[in-house]
Amino acid sequence: FSVIIITEIKIISREKYMKIRPIEPHDFAYVAKIENQNWTLKSTPFIINSSAEKIMKKVLQGTRYLLAEEEGVLLGVLDYGPRNKSEFGSHVITFGVMTVKEARGKGVATQLIQHLIHEARAEKYEKITINVMSSNPTAVALYERLGFELEGRLKKEYFIDDLYVDSLIYAYYL
């Protein structure tokens, strides 16, 4: 049983509203396109080669997506699912969040994460985690501002562009 909550949040101006909603099949190709355009080695240690088929496969395997849009324009994507494969960790979820370049700094990621927190509470999860690269101070500041706590640091976890980067593990307790 899943609870799906659609919210509309006022953003940017009095006339425009940001809507957060679940992904739909017609979104798969466009979400893949913006993932490929916006996920970089500054924000993720993976080379992203997303496609509609890969997103569909993730959805069928239980990954959930929340989309932020304004007047039909996609501003950001948050995907989430179980952190652990073990049933003994089923109370914990993890997520990834991405905002398109043109919408950064306008509260899109904040609203997506706040929506996730609300949904996670409704679904009786107890903990939300996120791995973030130490080379992404904007994301670190966002998670800390939203109440996430640093739980761990994996030193020199990645070697990107001739520099070592730590992996930071943040958690939010519900």
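These numbers come from a predicted model, not from an experiment. As a convention, each chain's residues are numbered from 1 in the sequence order in which they are written. It should be noted that, the model being predicted, local features are given only for residues of pLDDT at least 70 and side-chain atom pairs only at 80 or more, the latter also being counted only at that level, while totals for whole chains, interfaces and linings use all residues. The side-chain quantities take in all heavy atoms of the structure and omit both hydrogens and water.

Colleague: Just to check I follow, could you spell out the packing of aromatic side chains for this structure?
Modeller: To describe a pair of aromatic rings, you give the distance between the ring centres and the angle between the ring planes. When the centres of two rings from Phe, Tyr and Trp lie within 6.5 Å, Trp using its six-membered ring, the rings pair. Their planes under 30 degrees apart give stacked, over 60 give edge-to-face, and anything left gives tilted. This model, assessed by the stated rule, comprises five aromatic pairs. An aromatic cluster is defined as three or more aromatic residues linked by ring pairs; in this entry it consists of Phe95, Tyr143, Phe148 and Tyr172. Cation placement over rings: the criterion is NZ of Lys or CZ of Arg within 6 Å of the ring centroid and within 35° of the ring normal. Over the ring of Tyr164 we find Lys156, and its NZ or CZ is 4.9 Å from the ring centre.

Colleague: What exactly am I supposed to notice about the pattern of salt bridges here?
Modeller: Any two side chains of opposite charge can pair if their charged atoms end up close together. Between Lys or Arg on one side and Asp or Glu on the other, a salt bridge is scored when a side-chain nitrogen of the former is within 4 Å of a carboxyl oxygen of the latter. Per the counting criterion, the structure on display carries seven salt bridges. For Asp27, the salt bridge goes to Arg21, with nearest N and O atoms at 2.8 Å. Of the two residues, Asp27 and Arg21, both sit in the buried class. The partner of Lys58 in a salt bridge is Asp79, and the shortest N-O contact between them spans 3.1 Å. A residue pair is termed long-range when its members are at least 10 positions apart, and Lys58 in helix 2 (residues 52–60) and Asp79 in strand 4 (residues 73–82) qualify at 21 residues. The class of Lys58 is partly exposed, set by a relative accessible area of 30%. Members of the salt-bridge network, linked through shared partners, are Arg21, Asp27 and Glu69. Relative accessible area decides the class of each residue, using a 1.4 Å probe on protein chains only: under 20% of the type maximum gives buried, over 50% gives exposed, and in between gives partly exposed. Secondary structure elements are defined from DSSP: runs of H or I of at least 4 residues count as helices, runs of E of at least 2 residues count as strands, and each element is numbered from the N terminus.

Colleague: How should I be thinking about unusual backbone geometry in this particular structure?
Modeller: Look at Glu71: it is not a glycine, yet its phi comes out positive at around 50°. Looking at the element boundaries, Glu71 is found in the loop between strand 3 (64–70) and strand 4.

Colleague: I tried to follow the packing of helix 3 (residues 108–122) against helix 4 (residues 137–145) on my own but got confused; where do I start?
Modeller: Think of two packed helices as two axes; the pair is described by the angle between the axes and how far apart they sit. Between helix 3 and helix 4, the shortest axis-to-axis distance is 11 Å and the interhelical angle comes to 45°. Here helix 3 is positioned oblique relative to helix 4, judged by the angle of their axes. In this structure, helix 3 crosses over helix 4, and the sense of that crossing is right-handed. For the pair helix 3 and helix 4, contact is made by Ala109, Thr110 and Ile113 and by Leu142, Tyr143 and Arg145, respectively. Considered class by class, the residues forming the contact of helix 3 with helix 4 number four nonpolar, one polar and one charged. Axis definition: a line fitted to C-alpha atoms, over the contacting stretch in the case of helices. Angles run 0 to 180 degrees between N-to-C directions. Here roughly perpendicular refers to angles of 65 to 115 degrees, roughly parallel to angles under 35, roughly antiparallel to angles over 145, and oblique to all remaining angles. Each crossing gets its handedness from the near helix: less than a right angle anticlockwise from the far helix is left-handed, clockwise is right-handed. Contacts between residues were defined by any pair of non-hydrogen atoms, one from each residue, lying within 4.5 Å. For this classification, the nonpolar set comprises Ala, Val, Leu, Ile, Met, Phe, Trp, Tyr, Cys and Pro, the charged set comprises Asp, Glu, Lys and Arg, and every other residue, Gly included, is treated as polar.

Colleague: So what exactly am I meant to see when it comes to the pairing of strand 8 (residues 163–173) here?
Modeller: Walk down a regular strand and you will see the side chains alternate between the two sheet faces. In terms of burial, strand 8 is a largely internal element, eight of the eleven residues being buried. Looking at chain direction, strand 6 (residues 127–133) and strand 8 are connected through seven bridges and run antiparallel. Bridging across to strand 8, Ile128 finds its partner in Tyr172. Sheet analysis places strand 7 (residues 149–160) next to strand 8, joined by eight bridges and oriented antiparallel. Any two strands with at least two DSSP-identified bridges between them are counted as paired.

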